[in-house]
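# Geometric and topological summary
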Amino acid sequence: MLNIQGKDCLVVGAGAVAERKLKKLLAAKAKVRVVSPQATPTIRGWAQQEQVEWVKRTFQADDARGATLIVAATDQAEVNIAVYETVKPQQWINIADRPDLSTFIFPAVLTRGDLQLSISTAGAYPGLAKHLRKKLEREYGLEYGSYLTFLKEVRQQILSLGLNKTETSKLLRMYLDERYVEAAKEGVLDELEQAALEELAILKNKPN
Ligand SMILES: C[C@@]1(CC(=O)O)c2cc3[nH]c(cc4nc(cc5[nH]c(cc(n2)[C@H]1CCC(=O)O)[C@@](C)(CC(=O)O)[C@@H]5CCC(=O)O)C(CC(=O)O)=C4CCC(=O)O)c(CCC(=O)O)c3CC(=O)O
Ligand SMILES: NC(=O)C1=CN([C@@H]2O[C@H](COP(=O)(O)OP(=O)(O)OC[C@H]3O[C@@H](n4cnc5c(N)ncnc54)[C@H](O)[C@@H]3O)[C@@H](O)[C@H]2O)C=CC1
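What you see as residue numbers is a count from 1 along each chain, following the sequence as written. Working convention: letters from A go to chains and numbers from 1 go to ligands, in the order in which they are written. Under the rules for a predicted model, residues below a pLDDT of 70 receive no local features and side-chain atom pairs below 80 are neither given nor counted, while totals for whole chains, interfaces and linings still include all residues. With hydrogens and water set aside, each side-chain value is computed from the structure's full complement of heavy atoms.

Here we take up the sheet that holds strand 1 (residues 8-12). Across the sheet, which stays open at both edges, the five strands sit in the order 3-2-1-4-5 with parallel pairing between neighbours. Either end of the sheet is taken by a strand with one partner, and the two such strands are strand 3 (53-55) and strand 5 (92-95). Here the average twist between neighbouring strands, direction ignored, is 15°. In this scheme, strands are said to pair when DSSP sees at least two bridges between them. For helices the rule is a DSSP run of H or I covering at least 4 residues; for strands it is a run of E covering at least 2, with both sets numbered from the N terminus onward. Judged from the four bridges that link them, strand 1 and strand 4 (residues 69-72) form a sheet pairing that is parallel. Within strand 4, the position partnered with leucine 10 by the bridge is isoleucine 70. Sheet contacts for helix 3 (residues 77-86): strand 1, strand 4 and strand 5; angle to strand 5, the most-contacted strand, approximately 170°. Axis angles are defined between N-to-C directions and span 0 to 180 degrees, where every axis is a line fitted to C-alpha atoms and, for a helix, only to the segment in contact. Only heavy atoms matter for contacts: two residues are in contact if any of them lie within 4.5 Å across the pair.

Here you go:
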């Protein structure tokens, strides 16, 4: 969970694999430049909408200069290595066909609002990460997004009470309960939220 919002990132290559990585970089609000002579229709669309900058040519040695994070995802092993060779130790690099040279690898990600589940097999079997993501997608539905929004609200209230650690922790644990997930699934979480916030407000007004 790297915070790369607004950071300059470079993606070399614009095929199917680059597209998948780009989607994740854009979701993280990175500022991305793509260097590639060809691009998938989706990437061309992102370039037209100015969501990415597309430099329509082959990689050049100084392209990575100044980038915080670099992805080399061409189908030419020697080009990917050439990108690797221009990278400085302080830059993060992912090489699609050389996990051994990469300083980070992409996980499979399941997102539900602010909730993010990342699955990695450390390069051992990427297909398993995808398989598990799909499995978890069925288990953790959209209700988890609403549940987390509810939890965030309740947590802010609890923290504002200024209670000691033990009491705070006891209250926080109370809301980790499947009945809220069920309520979110049935679309009635708002009612429980109202009740929870009212109960917490009473605690706030109570003199110690
Ligand atoms: C090391 C890593 C580097 C990196 O890319 O960061 C890497 C490397 C390689 N992947 C290869 C193949 C495939 N990768 C996928 C899918 C995903 N690969 C992803 C990550 C990673 N892949 C990193 C390790 C992460 C981990 O281990 O957990 C995911 C999780 C995330 C993402 O790409 O954003 C995404 C699923 C996203 C999702 O769906 O949620 C599929 C399935 C498909 O495309 O349908 C296939 C075809 C398999 C098949 O044929 O079944 C090959 C070619 C050799 C081969 O065929 O095995 C290499 C190169 C090599 O290992 O040398
Ligand atoms: N990490 C992963 O999840 C996976 C990685 N791979 C590896 O990823 C690589 C890319 O796969 P795909 O996207 O399917 O290939 P692709 O053939 O769809 O795309 C390759 C892209 O590289 C660009 N390119 C070629 N030479 C270039 C250069 N000199 N400079 C800049 N761009 C250049 C092309 O224009 C094209 O956009 C392959 O090496 C493959 O082994 C493959 C499957 C999954």
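Looking now at the pattern of salt bridges. Oppositely charged side chains may form a pair once their charged atoms are brought near each other. Salt bridge, as used here: a side-chain nitrogen of Lys or Arg that lies within 4 Å of a carboxyl oxygen of Asp or Glu. A complete count under the given rule lists eight salt bridges for this structure. Here arginine 98 makes a salt bridge to aspartate 100, at a shortest N to O gap of 2.7 Å. Look at arginine 98 and you get partly exposed, because its relative accessible area is 30%. A relative accessible area of 55% means that aspartate 100 is categorised as exposed. A salt bridge links lysine 152 to aspartate 114; the shortest N-O distance between them is 4.0 Å. Here the residue lysine 152 occupies a position in helix 5 (residues 143-160), and aspartate 114 occupies one in the loop between strand 6 (108-112) and strand 7 (115-119), the gap between them amounting to 38 residues. When accessible area is computed with a 1.4 Å probe and restricted to protein chains, residues below 20% of their type maximum are described as buried, those above 50% as exposed, and intermediate ones as partly exposed. On the basis of relative accessibility, which here comes to 46%, the residue lysine 152 falls in the partly exposed class. A residue is classified by how much of its surface remains accessible, and aspartate 114, at 61% relative accessible area, is exposed.

With numbering matched to this structure, UniProt assigns "domain: Siroheme synthase central" (unreviewed entry) to residues 112-138. Helix makes up 48% of residues 112-138 and strand 22%. Its end C-alpha atoms lie 12 Å apart. UniProt positions are given in the numbering used here, feature names are shortened, and annotations may be inferred rather than shown by experiment.

For the rest of this paragraph, the subject is the site of ligand 2. As a matter of local geometry, ligand 2 sits amid 21 residues, with Ala14, Val17, Arg20, Ser36 and Phe59 nearest to it. Within 3.5 Å is the distance limit for a polar contact, defined as a pair of N or O atoms, with the added protein rule that one can donate a hydrogen and the other accept it, and that residues adjacent in sequence qualify only through two side-chain atoms. The separation between an oxygen atom of ligand 2 and a polar main-chain atom of glycine 15 is 3.3 Å. Contacts to ligand 2 include serine 36, whose side-chain N or O atom sits 2.9 Å from an oxygen atom. Where accessible areas are quoted, they stem from the Shrake-Rupley method and a 1.4 Å probe; at the residue level, only the protein chains shown are allowed to cover. Contact with the protein chains covers 68% of the free accessible surface of ligand 2, which is 870 Å². Counting residues per element, the shell around ligand 2 draws most heavily on helix 1 (residues 16-27), at four residues. When we say a residue is near a molecule or strand, we mean one of its heavy atoms is within 4 Å of it.

What is expected of a backbone is that most residues other than glycine have negative phi and most peptide bonds are trans. Look at glutamate 50: it is not a glycine, yet its phi comes out positive at around 60°. Mapped onto the secondary structure, glutamate 50 falls in the loop between helix 2 (41-48) and strand 3. Its identity is not glycine, yet alanine 122 carries a phi of approximately 55°, on the positive side. You can see alanine 122 is positioned in the loop between strand 7 and helix 4 (126-139).

Further remarks concern the pairing of strand 2 (residues 31-35). Pairing between strand 1 and strand 2: five bridges, direction parallel. Across the sheet, cysteine 9 pairs through a bridge with valine 32, a residue of strand 2. Classification remark: right-handed applies to a crossover when, strands pointing away from the viewer, the course from the first strand over the helix to the second runs clockwise. Each parallel crossover has a hand, and the one from strand 1 via helix 1 to strand 2 is right-handed. Where strand 2 lies against strand 3, three bridges are found, and the strand directions are parallel. Following the sheet pairing, valine 34 is matched in strand 3 by tryptophan 54. You can see the chain leave strand 2, run along helix 2 and come back into strand 3, and the turn it takes is right-handed.

Another aspect to go through is the site of ligand 1. Taken together, 20 residues surround ligand 1, and among them Lys21, Lys24, Thr121, Lys130 and Arg133 come closest. With respect to ligand 1, the side chain of arginine 20 contributes an N or O atom lying 2.9 Å from an oxygen atom. At 2.8 Å from an oxygen atom of ligand 1 is found a side-chain nitrogen or oxygen belonging to asparagine 94. Expressed as a share of its isolated accessible area of 1000 Å², the protein-covered part of ligand 1 is 67%. Contributing elements (two or more residues each) for the shell around ligand 1: helix 1 and helix 4. It is helix 4 that provides the largest number of residues to the shell around ligand 1, a total of four residues. Each residue is assigned to one of three groups, with Ala, Val, Leu, Ile, Met, Phe, Trp, Tyr, Cys and Pro labelled nonpolar, Asp, Glu, Lys and Arg labelled charged, and all others, Gly among them, labelled polar. Here the residues of the shell around ligand 1 sort into 10 nonpolar, four polar and six charged.

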